[in-house]
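Topology and contacts: notes
Each chain, written out:
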Amino acid sequence: QMQLVESGGGLVQAGGSLRLSCAASGRTFSRYNMGWFRQAPGKEREFVVAISWSGNTQYAASVKGRLTISRVNAKNTVYLQMNSLKPEETAVYYCAAASTWPPLEYDYWGQGTQVTVSS
């Protein structure tokens, strides 16, 4: 089992920035590909961005140029730097781990962290 714990969420004004972190434990983090998803109230969960164990990335078109994923394998942590945030990006943000690349499915999920963007 892998445990994933997200942190860094909060309230930010539109145009502001936040950095989310996801700390992993229980498995060899460096062998897993990591992703960030989000789920807004009343909507389905959507893909945001993913990073392979070697650093390759995939971004949803809506976040390119504003959100950046990174990882530090020595710290078992993946980050999501979010800039120029929009109110419609208010959601619970989840990190997830996948053993394949590109990820066909994710094996482990965190419990999420709330991000609220005020207008």
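Above this text is the structure in question.
Below: a short report on this structure.

What counts as what
- Residues numbered from 1 in each chain as written.
- Predicted model: local features only at pLDDT ≥ 70, side-chain atom pairs only at ≥ 80, totals over all residues.
- Heavy atoms only, no water.
- Helix = DSSP H or I, 4+ residues; strand = E, 2+ residues; numbered from the N terminus.
- Pairing = 2+ DSSP bridges.
- Axes fitted to C-alpha atoms, helices over the stretch in contact; angles between N-to-C directions.
- Disulfide = S-S within 2.5 Å.
- Buried < 20%, exposed > 50% of the residue type's maximum accessible area, 1.4 Å probe, protein only.
- Phe/Tyr/Trp six-rings, centres within 6.5 Å; stacked < 30°, edge-to-face > 60°.

A closer look at unusual backbone geometry
The peptide bond linking Trp101 to Pro102 adopts the cis configuration, its omega dihedral lying at -10°. Structurally, Pro102 can be placed in the loop between strand E9 (91-98) and strand E10 (108-109). Even without glycine at this site, Asn76 takes up a positive phi of about 50°. The phi torsion at Ser84 lies on the positive side, around 50°, for a residue other than glycine. Within the fold, Ser84 resides in the loop between strand E8 (77-82) and E9.

A word on the sheet that holds strand E7 (residues 67-72)
Spatial ordering of the open sheet is given by E1-E3-E8-E7, a layout of four strands whose pairing is antiparallel. Looking at strand neighbours, the two that pair on one side only are strand E1 (3-7) and E7, the edges of this open sheet. Averaged over all pairs of adjacent strands, the angle between their axes in this sheet comes to 15°, without regard to strand direction. Summarising the sheet, E1 and strand E3 (residues 18-25) pair through five bridges and their orientation is antiparallel. Following the sheet pairing, Val5 is matched in E3 by Ala23.

Thoughts on the state of the cysteines
Summed over the entire model, instances satisfying the criterion amount to one disulfide. Residue Cys22 pairs covalently with Cys95 via a disulfide, S to S 1.9 Å. Taking the sign of the S-S torsion, 45° for the link of Cys22 and Cys95, the bridge is right-handed. Of this pair, Cys22 sits in strand E3 while Cys95 sits in strand E9, placing them 73 residues apart in sequence. Like Cys22, the residue Cys95 is buried in the burial classification.

Describing the packing of aromatic side chains
For the structure on display, the rule yields five aromatic pairs. On the numbers, 6.1 Å between centres and 65° between planes, the contact of Tyr32 with Tyr108 is edge-to-face. On the criterion of sequence distance, the pair formed by Tyr32 in the loop between E3 and strand E4 (33-39) and Tyr108 in strand E10 is long-range, its members being 76 residues apart. Exposure class is identical for Tyr32 and Tyr108. Each is buried. Geometrically, the ring pair formed by Phe37 and Tyr106 is edge-to-face, given 4.9 Å between the ring centres and 85° between the ring planes. Separated by 69 residues along the polypeptide, Phe37 in strand E4 and Tyr106 in the loop between E9 and E10 bring together distant segments of the chain. For the pair shown, Phe37 and Tyr106 are each scored as buried. By way of ring pairs, the aromatic residues Phe37, Phe47, Tyr106 and Trp109 are connected into one cluster.

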